[in-house]
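Structure assessment
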Amino acid sequence: MPNTTGLLLNPNTFDPQHLDPESRRQLRALIDWFEARGKARLLRDDLEATWVSDFLDFVKKERLFATFLTPSEFAGGDANKRWDTSRNAVLSEILGFYGLSYWYAEQVTILGLGPIWQSDNVKAKEKAAAQLEAGGVMAFGLSEREHGADIYNTDLLLTPASDDDEGVVFRANGEKYYIGNGNVAGMVSVFSRRTGAGSTGGPDDYVWFVADSGHENYELIGNVVHGQMYVSNFALHDYPVYEEDILATGPEAFSAALNTVNVGKFNLCSGSIGMCEHAFYEAITHANNRILYGNPVTDFRHVRASFVDAYARLVAMKLFSDRAIDYFRSASLQDRRYLLFNPVTKAKVTSEGEKVVTLLWDVLAAKGFEKNTYFCEVKGLIGALPRLEGTVHVNVAQILKFMPNYMFNPADYPQIGTRNDPADDVFFWSQGPARGASKVQFADWAPVYARHSDVPNVARFFEQATALRELLTTAAPDADQQADLDFALVVGHLFTLVVYGQLILEQAELTGLDRDLVDQIFDVQIRDFSEHAVALHGKPSSTPAQQEWALAAVRKPVPDRARFDRVWQQVRDYDGAYEMQP
């Protein structure tokens, strides 16, 4: 039987059988904690910008972050501790479901742990494990007010300590900005560069070290946002850095920064999915029970179209993200395909989250502003996720590096199945040097499309994907166009859709997804591809050949009223399926 139910997270029926019993127990306890607090308290804390201290008390009591974010090497004999992306994604989805601020406390802890777990500093790792066990959280001190997350430039400077500065290697001075958890983190991973004798002004000067937010030389300047999240600005004033505080130096420190973001940016998709799911429940339950002009709102054709589009996009977000987990967990120095699927997850899935919320908001209209709705919170925060860990533009530019090999130079790889086994993802902390993206190869993307070409809109989108290969062969962007990011990004969006569709189909195949829903998802894919093709046509620098290609690549999805109505019925079945406890 096709899979048509249970595609969205429902706290009332939550019991992920693919996870081990202790993970299910802890995640169930997390849901029960939120539900016991109730919707009124949840929304009031958001409106009043209340720091999430009670949530962190729960995390400490339940040993939640300690269990989920400690690699087994430092588990101290606890068989439940491991870094398992499959269950971490479920945790992030739940946190997003109840509020981005709770997700954010976990997210920046993950980022802060990145340089620590990647380092060779065993003492720092043991300290991090002990702090997690004690209920602590971490922070990631990379960004600065002037440079953002530009890791080529940092004004946090290390000066060699004087001979009489007992045990101190460096004194640190400077500020960091946009640093989540910087108000309470016991270990703040700080990116810096050393100065003085022996410094070169180049990559050999980079240093990661850990600081303590409670130290007297650590000044918490304030929160740069108004909200529950504490996005700190802090300064270090002659902060003493000891040998045991240093995590990585030189090019390894540079790689640690990028590889940490590789781990952290993946987490964005789960948070976005959770937010959209909760908003979806509110929207369909409200709209399907509201009478307007004598009719239920959902009797209007355009309202059903918005809901079906939102649902198709949301399910596609989950399909792609779930399949990307398999590639990330199976990665090695010989199989680095995750380096493409990761930024696609970050850029595309989170952008789709914005589209889902906008579609729902078009239906909810004024209701979406009401302070007693979770939707009101979501609409104000869903746009944060495409803009964290590098903007969409930065990630699409990264995606373009993989396009030649993906489209034209396939390699053979062993088949990767579903990876929800309770294993420790140790490769995350040994990803190697952050270079060589253009050399990464991929399995042939076309066969999965061919296998599903009996689905009308998959076949039609496959025509567009094949057409993209023709563009790159016959009218490829020239050197000037490749240097013009405004032009190149449109090509990047077209390419991203091909990658997105591949993993959606792979996951649909693995899970036996309902054929109608697959067809409806690719109805959306076709329209999105056509939109970007038209944008390419309109770019000032597009050539006549590229303009001709763009118009020829536009397709209309294969219409099927009966299929649409069947998918609409799936949407309507979510009416009343979940409402948060008051």
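The rules behind the values
- Residues numbered from 1 in each chain as written.
- Predicted model: local features only at pLDDT ≥ 70, side-chain atom pairs only at ≥ 80, totals over all residues.
- Heavy atoms only, no water.
- Helix = DSSP H or I, 4+ residues; strand = E, 2+ residues; numbered from the N terminus.
- Rg over C-alpha atoms; globule rule 2.2 N^0.38 Å.
- Buried < 20%, exposed > 50% of the residue type's maximum accessible area, 1.4 Å probe, protein only.
- Contact = heavy atoms within 4.5 Å.
- Areas by Shrake-Rupley, 256 points an atom, 1.4 Å probe, with all protein chains shown as cover.
- Lys, Arg positive; Asp, Glu negative; His and termini not counted.
- Charge placed at Lys NZ, Arg CZ, Asp CG, Glu CD.
- Pairing = 2+ DSSP bridges.
- Axes fitted to C-alpha atoms, helices over the stretch in contact; angles between N-to-C directions.
- Left-handed = near helix turned anticlockwise from the far one by under 90°.
- Nonpolar A, V, L, I, M, F, W, Y, C, P; charged D, E, K, R; others polar.
- Phe/Tyr/Trp six-rings, centres within 6.5 Å; stacked < 30°, edge-to-face > 60°.

1. Some details on the overall build of the protein
- The number of helices and strands found in the protein is 20 helices and 10 strands.
- On C-alpha atoms alone, the protein measures out to a radius of gyration of 24 Å, which is about the 25 Å that the 2.2 N^0.38 rule sets for 582 residues.
- Judged by the C-alpha coordinates and their principal axes, the protein covers about 80 × 60 × 40 Å.
- Relative to its full complement of 582 residues, the protein shows a buried share of 60%.
- Taking as baseline every contact in the protein between residues at least 6 positions apart, the subset at least 24 positions apart corresponds to 79%.
- Carbon together with sulfur atoms contributes 52% to the accessible area of the protein, which is approximately 22600 Å² in total.
- When the 54 positive and 77 negative side-chain charges of the protein are each reduced to one mean point, those points stand 5 Å apart.

2. A few points about the environment of Phe 191
- Its place among the elements puts Phe 191 in strand S4 (residues 187-194).
- Accessibility expressed as a relative area gives 1% for Phe 191, which makes it buried.
- Other than its neighbours up to four places away in sequence, Phe 191 contacts Gly 141, Leu 142, Ile 151, Thr 154, Leu 156, Lys 176, Tyr 206, Val 207, Trp 208 and Ala 253.

3. Observations concerning the pairing of strand S7 (residues 231-242)
- A large share of S7 lies buried, amounting to nine of its 12 residues.
- Across nine bridges, the pairing between strand S3 (residues 168-180) and S7 is antiparallel. For Arg 171, the partnering residue across the bridge sits in S7 and is Pro 240.
- Two strands pair when backbone bridges link them, and strand S6 (residues 218-223) and S7 are joined in this way by five bridges, in the antiparallel orientation. Within the sheet, the bridge partner assigned to Leu 220 lies in S7 and is Phe 234.

4. Focus: the packing of helix H5 (residues 85-98) against helix H9 (residues 301-329)
- Across the interface, H5 lies against H9 with an axial gap of 10 Å and an inter-helix angle of 145°. The hand of the H5/H9 crossing is right-handed. Two secondary-structure elements touch here, H5 through Thr 85, Ser 86, Ala 89 and Glu 93 and H9 through Lys 318, Ile 325 and Arg 329.
- In terms of residue class, the contact of H5 with H9 is made up of two nonpolar, two polar and three charged.

5. Let's talk about the packing of aromatic side chains
- By the definition in use, this model includes 50 aromatic pairs.
- Aromatic side chains Tyr 152 and Phe 254 sit 5.2 Å apart centroid to centroid with 55° between the ring planes, which places their arrangement in the tilted category. Of the two residues, Tyr 152 sits in the loop between strand S1 (138-141) and strand S2 (157-160) while Phe 254 sits in helix H8 (residues 251-287), which places them 102 residues apart along the sequence.
- When its relative accessible area of 59% is taken as the criterion, Tyr 152 is described as exposed.
- Geometrically, the ring pair formed by Phe 320 and Tyr 500 is tilted, given 5.0 Å between the ring centres and 35° between the ring planes. Pair noted here: Phe 320 is in helix H9 and Tyr 500 is in helix H17 (residues 485-511), with a separation of 180 residues, a long-range link.

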